[in-house]
Amino acid sequence: MTDSFEAVSPRVVIITGLSGSGKSFALRALEDIGFYCVDNMPVALLPKFLKIQTEAKDTKDVALVMDLREKGFLDKYNRIFSRLKQDGYNIEIIFLEATDEALVKRYSETRRAHPLARKGSIKESIALEREKLMPVKRMAGAVLDTSTLNVHELKEMIQRRYLSPDERRGLMFLQIGSFGFRYGLPEDADCVFDVRFLPNPYFVESLKKLDGHDARVGAYVLAAPEGIEFKKKIEELFAFLLPLYQREGKTRLNIAFGCTGGKHRSVIFANLFGEFLERRDYRVAVTHRDILKG
């Protein structure tokens, strides 16, 4: 009598395919979005592993790389995968492949041995693996050709399958800061904007001792046409840039606004820009490095 497995809702993604096609990078892409990931688990252990996972209180979606590195994979995968699907597990198989030219080039660059290298040359090993994995490929729900993809493009392709646009946006963390040029540039800033072209509240007696958090200071700076125009242009710029940064796999960006002392103009724009990004559902933290100085 065989064991039965409880039907579950979490996704189980099996990443398989040709050696050198990017399976480890695909696994990391899923790990970055919250999947519990395992590389090279023996396929015979999969039913017991999933049973333990589903009984856990903090059940996560699961991704596993399974391939010819395990000697018994080809003999067992069909029966085990089919049985798990029948028992209600939400299993998806993703098969990664690439052209012979791309795979040979990758092996040449990494100098790693092909799992079937003892059978012949790299090209012969690739051909043999391709033949052996053909039944697995036919069983896959998705076949992805990674021949022309870099690691960032592969990451974007994999994550796009499992995340909505809003969820992908939420992966990026944006650190927005203000600073004073008088005290030096922030060392960790990716993008720096100099707002010293704007009217300086420091030279207005009633505003001098206030800071950029005060509505009166903000009203003074934004009363200038260039203040409103800059706000509009910076928002348009990052509405364009941020999806492109995400596409390249960037998950963290530090954007800094600087004025002379870091107390007035830079604080205003760091706050305004942080609010703009929060409205677009990005994860944002706003800090003011030099606001208490001077």
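How each quantity is defined
Residues numbered from 1 in each chain as written. Predicted model: local features only at pLDDT ≥ 70, side-chain atom pairs only at ≥ 80, totals over all residues. Heavy atoms only, no water. Helix = DSSP H or I, 4+ residues; strand = E, 2+ residues; numbered from the N terminus. Rg over C-alpha atoms; globule rule 2.2 N^0.38 Å. Buried < 20%, exposed > 50% of the residue type's maximum accessible area, 1.4 Å probe, protein only. Contact = heavy atoms within 4.5 Å. Areas by Shrake-Rupley, 256 points an atom, 1.4 Å probe, with all protein chains shown as cover. Core = buried A, V, L, I, M, F, W, Y, C linked by side-chain atoms within 4.5 Å. Phe/Tyr/Trp six-rings, centres within 6.5 Å; stacked < 30°, edge-to-face > 60°. Polar contact = N/O pair within 3.5 Å; in protein donor to acceptor, adjacent residues only side chain to side chain.

1. Considerations on the overall build of the protein
For step 1, the next point in the chain: Tallying secondary structure elements over the protein gives eleven helices and nine strands in all.
For step 2, the next point in the chain: For 294 residues, the compact-globule formula gives about 19 Å, and the C-alpha radius of gyration of the protein, at 26 Å, lies well above that figure.
For step 3, the next point in the chain: Here the protein, with 294 residues, has 46% of them falling under the buried criterion.
For step 4, the next point in the chain: Restricting the contact set of the protein to residue pairs at least 6 apart, pairs at least 24 apart contribute 78%.
For step 5, the next point in the chain: A total of about 15800 Å² of accessible surface is found on the protein, and carbon and sulfur atoms cover 51% of it.

2. Focus on the nonpolar core
For step 1, the next point in the chain: In terms of nonpolar packing, the biggest core is built from 31 residues, with I14, L46, F49, L64, M66, F73 and F81 touching the most fellow members.
For step 2, the next point in the chain: Elements supplying a minimum of two residues to this core: strand 1 (11-17), helix 2 (46-55), strand 3 (62-65), helix 3 (73-86), strand 4 (90-97), helix 4 (100-110) and helix 6 (134-139).
For step 3, the next point in the chain: The leading source of residues in this core is helix 3, at five residues.
For step 4, the next point in the chain: With residues near it in sequence (within four places) discarded, F73 still touches T16, V43, M66, D67, L68, F81, L133 and V136.
For step 5, the next point in the chain: F193, I255, F257 and I268 belong to the second largest nonpolar core, which has 27 residues in total.

3. Overview of the packing of aromatic side chains
For step 1, the next point in the chain: Within this structure, the stated rule accounts for 13 aromatic pairs.
For step 2, the next point in the chain: Judged by centre distance (5.8 Å) and plane angle (70°), the rings of F193 and F238 are edge-to-face. Note that F193 is positioned in strand 7 (residues 191-194) and F238 in helix 10 (residues 225-247), a separation of 45 residues in sequence. Summarising the burial analysis for this pair, F193 and F238 share the class buried.
For step 3, the next point in the chain: Taken together, a centroid distance of 5.3 Å and an interplanar angle of 75° make the contact between F197 and F230 edge-to-face.

4. Comments concerning the side chain of S19
For step 1, the next point in the chain: Locating S19 in the fold gives a position in the loop between strand 1 and helix 1 (23-31).
For step 2, the next point in the chain: The class for S19 is buried, based on a relative accessible area of 7%.
For step 3, the next point in the chain: Here E129 takes part through its side chain, which lies 2.7 Å from a polar atom of the side chain of S19.
For step 4, the next point in the chain: The residues contacting S19, other than those within four sequence positions of it, are L103, Y107, H114, P115 and E129.

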